[in-house]
Amino acid sequence: MSRRLWAALAALGLALSLGACGDMGRLQLATPAPAPAPVKPKPVVTNTPATEREHERILATYGGAYDDPQLEALIGKTVDRLVAASERPDQGYKVTILNSGAVNAFALPGGQLYVTRGLIALANDTSELSSVLSHEMAHVIARHAAIREDQARQAAIVTRVVTDMSTDPDLTALALAKTKLTLATFSRNQEFEADAMGVAIAARAHFDPYGAARFLTSMERNAELKAAKASFDPRAQDFLSSHPATPERVENAQSIARQYTSPDNSERDREAYLSAIDNIVYGEDPSEGFVRGRRFLHPKLGFTFQAPDNFTLDNTAQAVIGVREGGTQAMRFDVVRVPAEQSLGDYLNSGWMENVNKASTEDLSINGFPAASATADGDQWHFKIYALRFGSDVYRFIFATKQKTTESERNARETVNSFRRLTLDEIQAARPLRLKVITVQPGDTVESLSHRMAGVDHPMERFRMLNGLSSHAEVKVRDRVKIVVD
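No experiment lies behind these values; they were computed from the predicted model shown.

1. What about the packing of aromatic side chains?
Item 1. This model, assessed by the stated rule, comprises 23 aromatic pairs.
Item 2. For the pair F296 and F305, a centre-to-centre distance of 5.7 Å together with 40° between the ring planes defines the contact as tilted.
Item 3. What makes F305 buried here is its relative accessible area of 0%.
Item 4. For the ring pair F333 and F419, a centre distance of 6.4 Å and an interplane angle of 40° mean the geometry is tilted. Of this pair, F333 sits in strand β10 (residues 329-336) while F419 sits in the loop between α13 (406-417) and β15 (420-421); the two residues are 86 residues apart in sequence, bridging distant segments of the chain.
Item 5. On the basis of relative accessibility, which here comes to 3%, the residue F333 falls in the buried class.
Item 6. Three or more aromatic residues joined by ring pairs form one cluster here, namely F296, F303, F305, F333, F369, Y386, F390, Y395, F397, F399 and F419.
Item 7. In this structure, R117 is placed above the aromatic ring of Y66, and the distance from its NZ or CZ to the ring centre is 5.8 Å.

2. So, the nonpolar core
Where a protein is soluble and globular, its nonpolar side chains tend to be buried together.
Item 1. Ranked by internal contacts, the top residues of the largest apolar core, which has 68 residues, are I75, I120 and F463.
Item 2. Apart from the residues lying within four places of it in its own chain, the contact partners of I75 are V95, I97, V115, I120, L129 and L133.
Item 3. If you look at the next biggest cluster of nonpolar residues, it comprises 22 residues, including F305, F333, Y386 and F419.

3. Some words on helix α10 (residues 247-258)
Item 1. If you check α10, its first and last C-alpha atoms are 17 Å apart, about what twelve residues at 1.5 Å a residue would give, namely 16 Å.
Item 2. When α10 is considered as a whole, its buried residues turn out to be R249, V250, A253, I256 and A257. Each buried residue of α10 lies within a common arc of 125° when the element is viewed along its axis, so the set occupies one face. Turned more than 90 degrees away from the buried face of α10, the exposed residues are P247, E251 and R258.

4. Here we look at the environment of E87
Item 1. Residue position: E87 is located in the loop between α3 (69-85) and β1 (94-98).
Item 2. Between the C-alpha atoms of E87 and A142, which are 55 residues apart in sequence, the distance is 9.9 Å.
Item 3. Setting aside its immediate chain neighbours within four residues, E87 contacts I141, M197, I201 and R204.

5. What to know about the pairing of strand β9 (residues 320-324)
Item 1. The buried fraction of β9 amounts to five of the five residues, a majority that puts the element mostly inside the structure.
Item 2. Residues V320, G322 and R324 of β9 are buried on one face, and the alternating residues I321 and V323, pointing to the opposite face, are buried as well.
Item 3. By the bridge criterion, five bridges tie strand β8 (residues 311-315) to β9 in an arrangement that is antiparallel. Following the sheet pairing, T312 is matched in β9 by V323.
Item 4. What sits between the antiparallel neighbours β8 and β9 is a turn of four residues.
Item 5. Hairpin connection of β9 to β10: four residues between the antiparallel strands, including G326 at a positive phi of 100°.

6. Examining the environment of V250
Item 1. When you line up the elements, V250 lands in helix α10.
Item 2. Separated by 55 residues in the primary sequence, V250 and D195 place their C-alpha atoms 9.6 Å from one another.
Item 3. Setting aside residues up to four positions removed in sequence, V250 forms contacts with A213, L216 and T217.

7. Side note on the pattern of salt bridges
Item 1. Scanning the entire structure with this criterion turns up 19 salt bridges.
Item 2. In this structure, the salt-bridge partner of E191 is R249, at a minimum N-O distance of 3.6 Å. Remark: R249 occurs in helix α10 and E191 occurs in helix α7 (residues 169-204); sequence separation between them is 58 residues.
Item 3. Using a relative accessible area of 1% as the deciding quantity, one classes E191 as buried.
Item 4. Via salt bridges that share partners, D125, E128, D208, R214 and R268 belong to a single interconnected network.

Reading the values: rules and limits
- Residues numbered from 1 in each chain as written.
- Predicted model: local features only at pLDDT ≥ 70, side-chain atom pairs only at ≥ 80, totals over all residues.
- Heavy atoms only, no water.
- Phe/Tyr/Trp six-rings, centres within 6.5 Å; stacked < 30°, edge-to-face > 60°.
- Buried < 20%, exposed > 50% of the residue type's maximum accessible area, 1.4 Å probe, protein only.
- Helix = DSSP H or I, 4+ residues; strand = E, 2+ residues; numbered from the N terminus.
- Lys NZ or Arg CZ within 6 Å of the ring centre and 35° of its normal.
- Core = buried A, V, L, I, M, F, W, Y, C linked by side-chain atoms within 4.5 Å.
- Contact = heavy atoms within 4.5 Å.
- Expected span 1.5 Å × (residues − 1).
- Arc of directions from axis to C-beta.
- Pairing = 2+ DSSP bridges.
- Salt bridge = Lys/Arg side-chain N within 4 Å of Asp/Glu carboxyl O.

This is the structure:
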């Protein structure tokens, strides 16, 4: 039963007009013009129907493309430098910035590279960003993406066969775990190879080769912050789920960097980078729904609800997931298609969830919206499920508890009863958090600057993590630092 709770998830052309004006050309001595330097065609990205489909899937999963001309220019210039220093200067790349607060980057076999704005916000200079881009380029050069695609296809076949043959969730989960373990072991060697190639490419492009080790450390600290507030895996959409960062990997990146350290390749380009990311959207995009504390708001669809005390909410592409501190209670909120002619009670009993107690089905009205509820029991979890019709959509609340108590019943009931329409003022006030780059003034401290952070948990730890500061490091006057503002 628990598996059902967690399941979701232009070539460059140059036109020159060189004609003489009127008859002026006849009044001058003809002098041979120097031959123009040959223009190298820019390497092109190869697209296939498969990569096009994957591109659309990536955009759908990660909130579409994020439009920021200044950032795109910085990334484009960085990629050009890296390509010229790579083993395959003939390989073209196209970088898409994804409108997601997740910290992720990946590559498709033809040269499409993707970086989330969450990753861009986490980096502190161009050398750190270049380490990510060169790492992904290395995957393309070494054909890791193509190999991984083949492995994933084989794994999908294995998973499908096992799922079709077995209704035992424990057996299916075991098969999935083994499949994922095989892929993780397979990709681990790829990651070390891509790290080595990426650091070398960045160093040859005259970027600081230690950018990779610094950024791997920042990503691990970011993951730890997320893990501290949830008992489910917080890395589902993050870089670390497909690019495992271990102390060994950080040490390896540092060791490789030592081979390339010289005055010629120590460029961090911090000031230009911070200027480029100033005012970037941070975290979730409100247009797609966002979490503020225990409240989830969706301005575009016009509704909100609030999770119980001691619950942490996480907005994923498939659902809003809530987990109570300690992991003994959890909730899932999502949207489903239900025909208008089907009653919500009939939907709850239609078989999408096993072991529903049909006798427990009850028709309800929640803040004026038609709704229905029912209960279901599994081996380890007890479920309370609600379906609520809001306009043409039906929303599901699925609450799970290891032990049915008065508190768990109250938590489910109060959460559902908090579902309501947003007011016009609330919709207009829903704006994204942004990253603001400020200059440290006399008297500023880590503590005082972290108090200026808005809309984030663990503000002091997050301030240190965002600015690459260790647990005891202090800020210096005239340093430029990042804070999150409303």
